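As a plain string of letters, each chain reads:
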Amino acid sequence: MFSFLINPSKFNKFTDIIFKPLVFISSVILIVGLILVYLSPLDYQQGLTVKIMYIHVPSAWLALLTYAIMTIYSIIGIAFKMPFSFIINRAVAPIGAVFTLLCLISGSLWGKPMWGTWWVWDARLTSVSILLLLYLVIIFLNQTFENRDVREKTIAIFIIIGSINLPIIKFSVDWWNTLHQPASISKLSAPSIDGSMLQPLLVMTIAFSLIGLMIAVLRIKAEILIRKNH
Amino acid sequence: MSLRFQRLVLILITLVILGAAVLLILFNTKKNIVFFYTPTELIEQNIFSEGKIRIGGYVKDSSLKKISLNQYSFEITDNKNDLLVFYQGILPDLFREGQGTVIEGLIVNQKTVKALKVYAKHDENYMPASIKKELEKNNQWKRDYK
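To start, this report covers the structure provided alongside it. (Residues numbered from 1 in each chain as written. Chains lettered and ligands numbered in written order. Predicted model: local features only at pLDDT ≥ 70, side-chain atom pairs only at ≥ 80, totals over all residues. Heavy atoms only, no water.)

### What about the packing of helix H4 (residues 123–141) of chain A against helix H5 (residues 148–162) of chain A?
Residues and elements named next belong to chain A. Contact pair H4 / H5: the axes reach a minimum separation of 10 Å and the direction vectors enclose 175°. Here H4 lies roughly antiparallel to H5, going by the angle between them. Residues Leu134, Val137, Ile138 and Leu141 of H4 form the contact with H5, whose own contacting residues are Arg151, Ile155, Phe158, Ile159 and Gly162. Along the lines of polarity and charge, the residues of the contact of H4 with H5 split into seven nonpolar, one polar and one charged. (Axes fitted to C-alpha atoms, helices over the stretch in contact; angles between N-to-C directions. Helix = DSSP H or I, 4+ residues; strand = E, 2+ residues; numbered from the N terminus. Parallel < 35°, antiparallel > 145°, perpendicular 65-115°, else oblique. Contact = heavy atoms within 4.5 Å. Nonpolar A, V, L, I, M, F, W, Y, C, P; charged D, E, K, R; others polar.)

Structure representation (structure tokens):
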């Protein structure tokens, strides 16, 4: 049933069916999300700048999610010798890099008016910039090595080792004193965002995820074609 | 156990060991990773360096004083210990009494700091401005919500 996740030809068949609906649904959700963001109330202390959150948080979520997916595929790719994993790794790394960059830029634009600085080297900001460096190394590694097997294995091992950074990013705000505030949503208790602001945030997160998925499908299909012709 | 599952287990064990090693390093260098010290940490651990240091806490209520056009003094507190801060420059928009803050500056003496930079630190609570007004009207405005 889920074999399209590991088999290139089944992936192609499955995504041919879902791609058009995916484009339609993600555009609709994005438009709804943007309207909800426009209508969302101003924060009691941050005012209008709180709306940067609706870009910043979905980008951060996708930056981490993309890396987590790459890690899972790298592990099964090496353990079970599954070439489709390496197609995924190569296709989605730039997507993760772009979302990480978007997260850093929007965070910086948010930090200047609220904290009074574009950038500080606290644990959260530093660990996310390390994530961007990891993505860049993965993209560059894809351009190296004549031998494809060696290249794919090297990249997969690099991705697995780099995944140690993910829990560090997540918990950096709890383990150390940082200028970045702790998480608002992922606590076990009720979220500390009011419902009227949480709702547009969730819709925007879904919209960003679907758009990310859309680009990923296109890139994976292209990558499959490239492999076929070599 | 088949070869592929052996490989899977090997990878996972490697990842766990590597992760543990990195975490051990990070927690043992905690001093260098924290972005700021609280006033209590500063006094208890006796960190009085010559160089720049960052201190974080809340701006104590009714301690913010304007000395001249862009010179301020205020007290930074973690509800146990206070430090008196002098600052010359522009304060961030969010900076006010009761709000979290991080300052970067030089220690003058045990109780006084000369700030070179002042950052505002906000918490993880988000709420529409209209609700805050309602809460204040009904006297439901809670301290933890800040």
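So that's the structure; there's more coming.
### Remarks on the packing of aromatic side chains
Residues and elements named next belong to chain A. Tallying each qualifying case throughout the model produces 12 aromatic pairs over all chains. Measuring from ring centre to ring centre gives 6.1 Å for Phe99 and Phe208, while their planes differ by 45°; the resulting arrangement is tilted. Remark: Phe208 occurs in helix H7 (residues 195–228) and Phe99 occurs in helix H3 (residues 83–114); sequence separation between them is 109 residues. For Phe99, a relative accessible area of 9% corresponds to the buried category. (Phe/Tyr/Trp six-rings, centres within 6.5 Å; stacked < 30°, edge-to-face > 60°. Buried < 20%, exposed > 50% of the residue type's maximum accessible area, 1.4 Å probe, protein only.)

### Focus: the pairing of strand E3 (residues 71–77) of chain B
All names here are of chain B. Taken across its seven residues, E3 has five buried, putting it largely inside the fold. For strand E2 (residues 65–68) and E3, the ladder comprises three bridges, and the chain directions are antiparallel. The residue of E3 that forms the bridge with Lys65 is Ser73. Hairpin remark: E2 followed by E3, antiparallel, with two residues in the connecting loop. Bridge count between E3 and strand E4 (residues 82–88): seven bridges; the pairing is antiparallel. In the strand pairing of E4, Gln71 is matched with Gln88. Here E3 hands over to E4 after four residues, with Asn79 in that stretch at a positive phi of 70°. (Pairing = 2+ DSSP bridges.)

### A short note on the interface of chain A and chain B
With 44 residues of chain A at the interface, the matching set in chain B holds 43 residues. Of the roughly 3,800 Å² buried where chain A meets chain B, counting both sides, 65% is carbon and sulfur surface. Where chain A packs against chain B, one counts zero salt bridges. Applying the counting criterion to the chain A and chain B interface returns 11 residue pairs in polar contact (both at pLDDT 80 or more). When contributions to the side of chain A that touches chain B are tallied by element, the ones reaching two or more residues are helix H2 (53–79), H3, H5, helix H6 (165–175) and H7 of chain A. At four residues, the largest contribution of residues to the side of chain A that touches chain B is made by H2 of chain A. Looking at the side of chain A that touches chain B residue by residue, the classes come out as 27 nonpolar, 12 polar and five charged. (Buried area = accessible area lost by both parts, 1.4 Å probe. Salt bridge = Lys/Arg side-chain N within 4 Å of Asp/Glu carboxyl O. Polar contact = N/O pair within 3.5 Å; in protein donor to acceptor, adjacent residues only side chain to side chain.)

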